[in-house]
Amino acid sequence: MRETATIIDARRIRVGYGPKTVINDVALKAGPGELIGILGPNGSGKSTLLKSLCGLLPYSKGEVFLFGRLLLSMSERERARQVAYMQQEVQVSFGITALDAVLTGRYPYLRWWQNESPDDYAIARQYMSFTGVADLVQRPLQELSGGERQRVMLAKALAQETPLLFLDEPTASLDLSYQEEIFRYCQQICQEGKTVLIVVHDIRLAAKFCSRLILLSAGGILADGPPSKVVTPEHLYQAFGLHSSVYENYTSGQLDIHTYDRRSAGQPGKMVHVIGGGGTVGAVIRTLRENAYPVSCGVLRQGDMDTAVARAFGADNLVSQAFGPIGREMGERNRQKIAQAHYTILGNLYFSQENLDNLKAAFTAGRLIIVEDSPVDNRDGTAGEAALLYRQLTARPETTVMKLDELLRAVEKRSL
Ligand SMILES: Nc1ncnc2c1ncn2[C@@H]1O[C@H](COP(=O)(O)OP(=O)(O)OP(=O)(O)O)[C@@H](O)[C@H]1O
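A few points on the structure.

Definitions and cut-offs
Residues numbered from 1 in each chain as written. Predicted model: local features only at pLDDT ≥ 70, side-chain atom pairs only at ≥ 80, totals over all residues. Heavy atoms only, no water. Near = heavy atom within 4 Å. Polar contact = N/O pair within 3.5 Å; in protein donor to acceptor, adjacent residues only side chain to side chain. Areas by Shrake-Rupley, 256 points an atom, 1.4 Å probe, with all protein chains shown as cover. Helix = DSSP H or I, 4+ residues; strand = E, 2+ residues; numbered from the N terminus. Nonpolar A, V, L, I, M, F, W, Y, C, P; charged D, E, K, R; others polar. Pairing = 2+ DSSP bridges. Axes fitted to C-alpha atoms, helices over the stretch in contact; angles between N-to-C directions. Core = buried A, V, L, I, M, F, W, Y, C linked by side-chain atoms within 4.5 Å. Buried < 20%, exposed > 50% of the residue type's maximum accessible area, 1.4 Å probe, protein only. 1 Å grid on protein atoms, 1.4 Å probe; cavity = no way out; pocket = protein on both sides within 12 Å on 5 of 7 lines; lining within 4 Å. Points joined across faces, edges and corners; volume = space filled by probe spheres on them. Parallel < 35°, antiparallel > 145°, perpendicular 65-115°, else oblique. Contact = heavy atoms within 4.5 Å.

Re the site of the ligand
Taken together, the neighbourhood of the ligand is formed by 14 residues, with Asn42, Gly43, Lys46, Ser47 and Thr48 sitting nearest. Between an oxygen atom of the ligand and a side-chain N or O atom of Lys46, the distance comes to 2.7 Å. Note that an oxygen atom of the ligand is positioned 3.0 Å from one of the side-chain N or O atoms of His201. Protein chains shield 63% of the accessible area of the ligand, which is 640 Å² for the free molecule. Of all the secondary-structure elements, those providing two or more residues to the shell around the ligand are β2 (20-30) and α1 (46-53). Broken down by element, the residue count for the shell around the ligand peaks at three residues, all from α1. The class makeup of the residues in the shell around the ligand is three nonpolar, eight polar and three charged.

Some points on the sheet that holds strand β10 (residues 220-225)
A sheet is described by the order of its strands in space; here six strands give the open sequence β6-β7-β8-β3-β9-β10, paired in mixed fashion. The open sheet has two edge strands, β6 (83-86) and β10, and neither has a second partner. Taking the axes of each pair of neighbouring strands and ignoring which way they run, one obtains an average angle of 15° across the sheet. Sheet analysis places strand β3 (residues 35-39) next to strand β9 (residues 212-217), joined by four bridges and oriented parallel. Within β9, the residue paired with Leu39 across the bridge is Leu215.

Description of the nonpolar core
Membership of the largest hydrophobic core comes to 51 residues, with the highest contact counts inside it found for Met128, Val152, Leu165, Leu167, Val196 and Ile198. The biggest single contributor to this core is helix α5 (residues 146-159), with seven residues. In terms of nonpolar packing, the next biggest core, distinct from the first, is built from 30 residues, Leu28, Leu49, Leu50 and Tyr85 among them.

Some details on the layout of surface pockets
Quantified by volume, the largest pocket comes out at close to 590 Å³. Taken together, 22 residues line the largest pocket, and the ones lying closest to its centre are Tyr85, Gln87, Tyr107, Lys156 and Gln160. Elements represented by at least two residues in the lining of the largest pocket include exactly α2 (76-82), β6 and α5. Among the residues making up the lining of the largest pocket, the classes are represented as 14 nonpolar, five polar and three charged.

Points about the packing of helix α10 (residues 282-290) against helix α11 (residues 305-312)
Running from N to C, α10 and α11 point in directions that differ by 10°, and their axes come no closer than 9 Å. Looking at the two axes, α10 sits roughly parallel to α11. For the pair α10 and α11, contact is made by Gly282, Ile285 and Arg286 and by Asp306, Val309 and Ala310, respectively. Among the residues making up the contact of α10 with α11, the classes are represented as three nonpolar, one polar and two charged.

With respect to empty space enclosed by the protein
In this structure the tally under the stated criterion is one cavity of 30 Å³ or more. Within this model, the largest cavity holds a volume of roughly 40 Å³. Contributing to the lining of the largest cavity are Tyr127, Ala157, Leu158, Thr162, Leu165, Tyr185, Ile189 and Lys194. For the lining of the largest cavity, the elements supplying multiple residues, two or more each, are α5 and α6 (176-191). Of the residues contributing to the lining of the largest cavity, the split by class is six nonpolar, one polar and one charged.

Treat this as a map of the structure, not an account of what it does.
In structure tokens form, the structure reads like this:
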């Protein structure tokens with residue numbers, strides 16, 4: 001980012017309360033048009049950071065510049081024309097109406113002797129209309145629901161019409177449609193050149209809408225960048241102590257997160273090779289990975305649901321093209337993976353000439369588990385060839401046949 005485009009420039013700041021340091025040595029720059037989500041566990045310093053960047057909380061070390069000017073050298077009114085801050089908890093003065101509350105957003109533009117002009121009223125009503133509280137103008141603020149009040153306070157921050165907007169959990173009490181709406185509006189104003197910093201706990205929502213995420217942990221910046229670089233299993237583990245898989249949702253194309261409790265007691269399980277396709281082994285791969293089994297998969301198809309699950313859960317994944325028979329090289333690699341695995345699992349697949357080699361490869365497994373939830377004759381698209389091979393396979397002493405539920409229970413007990 002060029003220096004001239006820097007709107008926020010925080011240089012190694014330290015912020016705290018009395019002797020307690022909360023934010024330490026944090027440096028960040030932000031430019032016009034950025035929608036920046038601030039993430040982090042409870043107490044990691046998100047609100048503290050926002051407050052210090054808008055001058056509500058002094059820093060004891062470092063410097064903050066807004067639009068190239070030292071924050072500390074700006075008067076309160078000057079700051080209020082540059083940055084609007086919507087705080088997490090709203091203190092409600094008794095008797096004040098929703099419209100009065102929004103009009104207070106206009107104070108940076110009024111002299112002490114001036115009353116609000118018709119323009120100020122029009123601006124206030126315009127933003128109340130946007131946040132869906134136009135019909136609440138005369139209602140006392142203390143009588144509103146948490147979500148209604150939050151939308152009124154957002155209208156107030158917007159009515160300040162500043163190039164910078166700091167929102168501290170603006171979506172916390174909002175229902176799903178308003179949560180998304182707030183983010184959409186933020187995107188819209190960022191496209192017009194404003195800069196928005198938004199504290200948010202919902203990582204999926206943040207990843208969906210923000211151009212950049214900053215993940216705080218223990219008072220420092222753990223990660224800063226585009227959502228796909230910040231929302232990773234490693235970062236989520238470091239910040240929240242959570243095991244997770246992060247993947248592009250198959251249908252929405254959005255980043256999705258699956259969190260789980262790892263039931264491994266620190267011990268990885270034995271290597272398992274999974275043969276699947278058509279979404280038949282997604283639950284198997286997920287349950288194995290959640291229980292700390294190393295997993296390889298073969299041969300899956302490009303675009304298959306099982307391929308997406310294998311990628312999401314970090315399973316070593318042999319992928320062939322979307323159509324056509326499994327080639328010789330892929331078939332060979334599949335057999336090598338089978339040879340390295342302690343168990344091989346064959347899913348309840350539909351067999352065709354294109355994936356028949358997966359069935360043939362299963363003959364090389366030392367220990368084979370076949371998942372059978374429907375008769376093979378219902379899954380045979382090879383005019384009997386697959387069914388014949390399948391029956392030979394099930395008759396071998398190395399083979400155990402079980403239902404999917406049974407297999408998943410065994411994996412959860414880590415008895416594989
Ligand atoms: N006024 C205060 N006086 C003393 N300590 C404070 C004060 N405000 C916050 N803290 C402490 O500073 C730390 C960071 O608080 P902060 O509110 O910035 O965290 P946060 O990341 O926004 O948390 P949350 O997700 O729970 O809103 C916490 O340990 C908190 O207890």
